[in-house]
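Coordinate analysis (summary)
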Amino acid sequence: MSEEVVSELMRAHVYRLASSGQRVDGRGLDEPRKVTLVRSFVNTAEGSARVKLGNTDVLVGIKMSVGAPYPDTPNTGVLSTSVELIPMASPTFEAGPPRPDAIELARVVDRGIRESKMVNTEKLCITPKEKVWIMFIDIHVLDFDGNLFDACSYGAVAALASTIVPAKVQGLGEDFPLAVEHWPVSVTTVKIKDILLVDPSLDEERMADARLTVTTDENGDIRAMQKGLRGSFSYDEVKRIIETSQRVGRGIRPLLQSP
Amino acid sequence: MMEDIEHIEKEMKLINADGSRLDGRKPDELRPVRIEAGVLRRADGSAYIEWGGNKVLAAVYGPREAHPRHLQDPARALVQCRYNMAPFSVSDRKRPGPDRRSVEISKVISEAFSSVVFKEQFPRTSVDIFIEVLQADAGTRCAGLTAASVALADAGVPMRDLVTSCASGKIDGVVCLDLNKEEDNFGDADCPMAIVPRTGEIVLLQMDGHLTFDEFQKAMVLSIGAATRLYELQRDALRRRYSVTLEDILKESPPARAPPARELDQELDRDREVEPEPPLPPEDDFGAEGI
């Protein structure tokens, strides 16, 4: 995600600590950073949430508009997710059209929400084949301190859960909240040499060999996965990562669900 | 649709019978403003401002290597600003990325800061200012500029002074300070400006609508008055971020134990020995005649 260099000293330090089950910021290897959530941060949006995962700071806004459905799904609303890695958030982010990492990030967040069927999109159909609601999830990264996959996903889930569809101004009856039916939680693990670390900090992420994001639902079922970076995982490691993701996800879900 | 808007425009009363505005403000009253300095971790300097319904973040990086390289100036730093609105910051979703309006705003804000930053101290570099509008309610460029000043100071960029910005305009024929969204949409004129409070220099000035010369002067008086109030809020935000109490200092570095009084005396004596007072010249040096 960035070209910044991690010093050899820091690499050695992170690895030495991790070998004995410790981390630079004092967490356990399978312990995520603290998540703080402010809902309805932006009142020009139909739903919004500002999420801090450690020092990573993300603002997600939902805008609803009326448009045409896709021809192959004439009865369902449309979901569109985009991420802006604005240059404010990191010295390595640049202005301009989204780079591949921003596109991957947006697609992974989108996949978790779409595949878990978090929002019942059939209730967003206005006139079949003609008019449906379009949900725009716009993710604004404000401060980048590692693990955007999870921070953006939590923000998107919390923002959707607080969204009120503005039907009245469109002359389509009373306003209503989105029909939220499932609660996907994304948990990202990185591998440094032979050690697995949940919710990587910036330095951990930059020196990681491989990354795996697992999105699970409230039943612990897997709804989306994405492996990244050049390294590899053994089958055994993948199973361990999924189990950890289920457990960590269970810890974080109540926070996203709380009103 | 167009007829609807014209209809609303005719019906819309922006000034109440008692002379107050729709949100209850007097013509010369500013919306509530709150500024916080140092809110982001990665940026070299940052500030957050809430100004009425506006929520704006500003961040500063640099002075750092200027990109693209061909823009580098061998004699001074560039001051580059990027003003951007979040897609959800307005009621109709704004398509991400720069449009003509935000490119223009970025340019005039860059130029405003160029006149206060000591650019000659940092040749070949760039001071990058990022302004992100998270929630918009008219006057975002003024809010962004006011926050960016604080962010520049937070980043430790040497400047002649902070820059302070506020708009005035005309609604229902009355010159008013700091228009909100309805007033901006249905008002007669809007005139954002920015000044350097210590010198009174105007470093940004734009106007659209219709003002007589008299009305313009009234608007400027209002804006300059507001700027001095905002200047105090900016300085206060910086003070809150950087002021340290005596307790903080003592906690950081407890005072060294004072040497016992006797030693001090001896030291003073030693000093006296090292530097004996010059002997007075003999009286007869003045010669027989005296002075």
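For the structure itself, look to the data block above.
Calculation rules
- Residues numbered from 1 in each chain as written.
- Chains lettered and ligands numbered in written order.
- Predicted model: local features only at pLDDT ≥ 70, side-chain atom pairs only at ≥ 80, totals over all residues.
- Heavy atoms only, no water.
- Helix = DSSP H or I, 4+ residues; strand = E, 2+ residues; numbered from the N terminus.
- Rg over C-alpha atoms; globule rule 2.2 N^0.38 Å.
- Buried < 20%, exposed > 50% of the residue type's maximum accessible area, 1.4 Å probe, protein only.
- Contact = heavy atoms within 4.5 Å.
- Areas by Shrake-Rupley, 256 points an atom, 1.4 Å probe, with all protein chains shown as cover.
- Lys, Arg positive; Asp, Glu negative; His and termini not counted.
- Charge placed at Lys NZ, Arg CZ, Asp CG, Glu CD.
- Pairing = 2+ DSSP bridges.
- Axes fitted to C-alpha atoms, helices over the stretch in contact; angles between N-to-C directions.
- Expected span 1.5 Å × (residues − 1).
- Bend = angle between axes of the 7 residues up to and from the residue.
- Buried area = accessible area lost by both parts, 1.4 Å probe.
- Salt bridge = Lys/Arg side-chain N within 4 Å of Asp/Glu carboxyl O.
- Polar contact = N/O pair within 3.5 Å; in protein donor to acceptor, adjacent residues only side chain to side chain.
- Parallel < 35°, antiparallel > 145°, perpendicular 65-115°, else oblique.
- Left-handed = near helix turned anticlockwise from the far one by under 90°.
- Nonpolar A, V, L, I, M, F, W, Y, C, P; charged D, E, K, R; others polar.
- Core = buried A, V, L, I, M, F, W, Y, C linked by side-chain atoms within 4.5 Å.

**Things to note about the overall build of chain A**
Of the regular secondary structure elements, chain A holds five helices and twelve strands. Computed over C-alpha atoms, the radius of gyration of chain A comes to 19 Å, within 12% of the 18 Å expected from 2.2 N^0.38 for 259 residues, which places it in the range of a compact globule. Along the first, second and third principal axes, the C-alpha set of chain A runs to 60 × 40 × 35 Å. Burial status across chain A gives 55% buried among its 259 residues. Considering only contacts in chain A between residues 6 or more positions apart, those separated by 24 or more positions represent 67%. Here chain A displays about 11,200 Å² of accessible surface, and carbon together with sulfur accounts for 52% of that area. Counting 31 positive and 36 negative side-chain charges, chain A places the averaged centre of each group 2 Å from the other.

**Quick notes on the sheet that holds strand E12 (residues 222-228) of chain A**
Paired through backbone hydrogen bonds, the strands of a sheet run either parallel or antiparallel to each other. Residue and element names in this part refer to chain A. One open sheet accounts for four strands, arranged E10-E9-E11-E12; its pairing is antiparallel. This sheet does not close on itself; its edge strands, each paired only once, are strand E10 (195-198) and E12. On average, each strand axis in the sheet is inclined to that of its neighbour by 20°, with strand direction left out of account. Sheet topology places strand E9 (residues 185-192) next to E10; four bridges connect them, and they run antiparallel. Bridge pairing in E10 links Thr189 to Val198. Helix-sheet contacts for helix H1 (residues 8-19) involve E9 and E10, and the interaxial angle to E10 is about 95°. Packing of helix H2 (residues 100-115) onto the sheet brings it into contact with strand E11 (210-216) and E12, and relative to E12 it is tilted by some 165°.

**Concerning helix H5 (residues 235-257) of chain A**
Residues and elements named next belong to chain A. Compared with the 33 Å implied by 1.5 Å per residue over 23 residues, the 32 Å span of H5 between its first and last C-alpha is a close match. Within H5, the axis deviates most sharply at Gly251, by approximately 35°, and proline Pro254 lies no more than four positions further along. Listed in full, the buried residues belonging to H5 are Glu237, Ile241, Ile242, Thr244, Ser245, Val248, Gly249, Ile252, Arg253 and Leu256. Residues of H5 that are buried in the fold lie against strand E1 (35-39), helix H3 (148-161), E9, E10, E11 and E12.

**Some remarks on the interface of chain B and chain A**
Facing 28 residues of chain B, the contacting portion of chain A comprises 29 residues. Considering only the surface of chain B that becomes buried against chain A, B:Arg42, B:Phe88 and B:Arg93 emerge as the three largest contributors, covering 33% of it. Linking chain B with chain A are two salt bridges. In this structure, the salt-bridge partner of B:Arg41 is A:Asp145, at a minimum N-O distance of 3.6 Å. Taken together, the links from chain B to chain A amount to 13 residue pairs in polar contact (both at pLDDT 80 or more).

**With respect to the sheet that holds strand E5 (residues 125-135) of chain B**
Residues and elements named next belong to chain B. Taken together, five strands build an open sheet; the order of strands is E1-E2-E3-E5-E4 and the sheet is mixed. Looking at which strands have only one partner, the edges of the open sheet turn out to be strand E1 (33-37) and strand E4 (78-85). The average undirected angle you get between the axes of adjacent strands in this sheet is 15°. Where strand E3 (residues 54-65) and E5 come together, nine bridges link them in antiparallel fashion. Looking across to E5, one finds that Val60 is bridged to Ile129. Of the strands in this sheet, E4 and E5 are in contact with helix H2 (residues 100-114), which crosses E4 at around 145°. Contacts from helix H5 (residues 213-242) reach E1 and strand E2 (45-51), with the element oriented near 35° to E1.

**Things to note about the side chain of A:Glu84**
Structurally, A:Glu84 is set in strand E4 (residues 78-84). We note that A:Glu84 is buried and unpaired, the nearest opposite charge coming from B:Arg82 at a distance of 4.4 Å. Those residues in contact with A:Glu84, other than ones at most four positions away along the chain, are A:Ile139, A:His140, A:Val141, B:Arg82, B:Asn84, B:Pro87, B:Pro96 and B:Gly97.

**Considerations on the pairing of E1(B)**
Residue and element names in this part refer to chain B. Here E1 shows a buried face lined by Val33, Ile35 and Ala37 and an unburied face lined by Arg34 and Glu36. One ladder, built from five bridges, connects E1 with E2; its direction is antiparallel. Paired with Arg34 across the two strands is Glu50, which belongs to E2.

**As for the packing of H2(A) against H3(A)**
Residues and elements named next belong to chain A. Direction vectors running N to C along H2 and H3 enclose 45°, while the axes themselves pass 9 Å from each other. Taken together, the axis directions place H2 and H3 in an arrangement best described as oblique. Two packed elements cross with a definite hand, and for H2 against H3 that hand is right-handed. Residues Glu104, Leu105, Val108, Val109 and Ile113 of H2 touch H3, and the partners they reach there are Leu148, Phe149, Cys152, Ser153, Ala156, Val157 and Leu160. Partitioned by chemical class, the residues of the contact of H2 with H3 number ten nonpolar, one polar and one charged.

**Section: the nonpolar core**
Among the nonpolar cores identified, the biggest contains 53 residues, and B:Trp51, B:Phe113, B:Ile129 and B:Ile131 are the most heavily contacted of them. Per element, the largest residue contribution to this core is eight residues, and it comes from helix H3 (residues 140-154) of chain B. Discounting chain neighbours no more than four positions away, the residues touching B:Phe113 are B:Val79, B:Ile129, B:Leu145, B:Ala148, B:Ser149, B:Leu152 and B:Val163. Ranked by size, the runner-up nonpolar core spans 49 residues in total, among them A:Val83, A:Phe144, A:Cys152 and A:Leu256.

**What about the pattern of salt bridges?**
Residues and elements named next belong to chain B. Counted by the stated rule, this structure contains 38 salt bridges over all chains. Glu183 serves as the salt-bridge partner of Arg21, at 2.9 Å between the closest nitrogen and oxygen. A residue pair is termed long-range when its members are at least 10 positions apart, and Arg21 in the loop between helix H1 (2-11) and E1 and Glu183 in helix H4 (residues 181-186) qualify at 162 residues. One exposure class covers both Arg21 and Glu183, and it is buried. In this structure, the salt-bridge partner of Arg160 is Glu201, at a minimum N-O distance of 3.0 Å. With Arg160 in the loop between H3 and strand E6 (164-171) and Glu201 in strand E9 (residues 201-205), this pair connects stretches of sequence that are 41 residues apart. Accessibility expressed as a relative area gives 28% for Arg160, which makes it partly exposed. Where salt bridges share partners, they join Arg21, Asp23, Arg25, Arg31, Asp137, Asp178 and Glu183 into one cluster.

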